[in-house]
Amino acid sequence: MDPVGDALRKERPGIAGLVRKERTLPVAVLTMLAFVAYGDRLSSGLGNPVLLAVLFAWLFGVILMAALSVVRHADELAERLGEPYGTLILTLTITAIEVVAISAVMFHGDNNPTLVRDTLFAVVMIILNGMVGLSLLLGAWRRPQQRHNLQGANAYLGLIVPLATLSLILPEYEPTPSGPAISSAHEAILIFMSIGLYAVFLMLQTGRHKLFFTNHHPSHATTHTPAPTPEHRPSGQPLILHAALLFAYMVPVVYLVDHLARPIDYVVETLRAPMALGGVVMAVLVATPESISAVRAAIADHLQRSVNIFLGSVLSTIGLTIPAMLAISHLSGHSIVLGLGRTETILLVLTLAVSMITFASGRTNVMQGFVHLMLFFTYLLLIVEG
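Residues numbered from 1 in each chain as written. Predicted model: local features only at pLDDT ≥ 70, side-chain atom pairs only at ≥ 80, totals over all residues. Heavy atoms only, no water.

*Asks:* Which residues make up the overall build of the chain, and what values do they have?
*Replies:* Of the regular secondary structure elements, the chain holds 13 helices and two strands. Sorting the 386 residues of the chain into buried and exposed places 51% on the buried side. By sequence separation, contacts in the chain at least 24 residues apart represent 83% of the contacts at least 6 residues apart. Counting every atom, the chain has about 17200 Å² of accessible surface; 69% of that belongs to carbon and sulfur. (Helix = DSSP H or I, 4+ residues; strand = E, 2+ residues; numbered from the N terminus. Buried < 20%, exposed > 50% of the residue type's maximum accessible area, 1.4 Å probe, protein only. Contact = heavy atoms within 4.5 Å. Areas by Shrake-Rupley, 256 points an atom, 1.4 Å probe, with all protein chains shown as cover.)

*Asks:* An account of the nonpolar core is requested, with residue identities and associated values reported.
*Replies:* Ile160, Phe310, Leu311 and Leu348 are the most contacted members of the largest nonpolar core, which has 95 residues in total. With 14 residues, the top contributor of residues to this core is helix α6 (residues 115-139). Discounting chain neighbours no more than four positions away, the residues touching Ile160 are Leu311, Val314, Leu315, Ile318 and Leu352. (Core = buried A, V, L, I, M, F, W, Y, C linked by side-chain atoms within 4.5 Å.)

*Asks:* Please give an account of helix α9 (residues 239-270) that cites residues and values.
*Replies:* For α9, spanning 32 residues, the distance from its first C-alpha to its last is 47 Å, which sits close to the expected 46 Å at 1.5 Å a residue. Along its length, α9 reaches its greatest deviation from straightness, about 25°, at Val257. Two residues or fewer past α9, Arg272 is found with a positive phi of approximately 60°. (Expected span 1.5 Å × (residues − 1). Bend = angle between axes of the 7 residues up to and from the residue.)

*Asks:* Go over unusual backbone geometry with me, naming the residues and quoting the values.
*Replies:* A positive phi angle, near 70°, is found at Asp301, a position not held by glycine. Along the chain, Asp301 falls in the loop between α10 (276-299) and α11 (303-332).

*Asks:* Tell me about the packing of aromatic side chains, residues and numbers included.
*Replies:* What the rule picks out here adds up to seven aromatic pairs. Relative to Phe60, the ring of Phe56 has its centre 5.7 Å away and its plane inclined at 25°; by these criteria the two rings are stacked. Residue Phe56 and its partner Phe60 are located together in helix α4 (residues 49-81), separated by four residues, close to a single helical turn. You can call Phe56 partly exposed: its relative accessible area is 28%. Here the aromatic rings of Phe121 and Tyr379 are separated by 5.5 Å at their centres, their planes lie at 80°, and the arrangement is edge-to-face. In this pair, Phe121 is assigned in helix α6 and Tyr379 in helix α13 (residues 366-385), connecting sequence segments 258 residues apart. (Phe/Tyr/Trp six-rings, centres within 6.5 Å; stacked < 30°, edge-to-face > 60°.)

Honestly, it's all geometry; don't read function into it.
Below, the structure written as structure tokens:
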């Protein structure tokens, strides 16, 4: 008798179970093939409101399901590899989707110089207010407090605050001949500084300060680490299979997001919707998978994993996506504007200040979740009024 082997065999699904679990992949692939063959014909009928709505819902739904599958396999890799490597795989993968999505919308239709700024600002608001607020609220609903490693949160915020200020606030106050557009010198400095700081952060996160991003730092020796929940228990499938499926789902996401840009451009340019709408749609698309993963972790009392996900996501958005978009803008000749307006600047500064207060003690509660959600609803109100 081999009880360990029997347990592993029970947890390891067969071929039929694997096919059922990965049913999103054939849907995404078939959708991709449909747009390879008939994409131009489908996009030519955007003037029909019904077709416009159906096309947008179809593409958005398939891309979102595929992105959720990317997160699912990244979560599996996280369980196998341990923190912070699994979270890094997740955030870097979503960053790649984010860059592709923004580039797709930017290269379609008329040039929208504020698209990058609107998308990045929307991602920060959705994650630092919507995602954090919901995670803290639901995670602490049945518990008086939840704990996380204070040093890890400080490490994230210590980079997020200056990079966000230099990327999204300073350009608005920098005088240039072309107006609020970022200068070439500022652009070059921002690219090298962001990538350099993020590279140093990764070395510290995966090296000498790895314990800052877990619940096992000596200063948190009494912190209880919950047992893995059923949805995060390793599947028993080979590690290479999850890595291969992660990349397999990325292919239709990268291709279909280019076609999603067409209905978005039509709504913004032809129907005169708010210019920020395109950025919000892209932000929802790239932030939703991580939001779900972070909320689930918080509910399961894995607050440290939630902190790693949402703060790591914001840091990668500012530290990697902005340099990537600046480089793409320079190479393609599409100008971009990064500086926020006065109202958005105030909301960003307030969000960063509240986030520093929230994570200052290493403990979170329900009230802090409500505060972040209030800021998120304020952001939504500004979009509606705009």
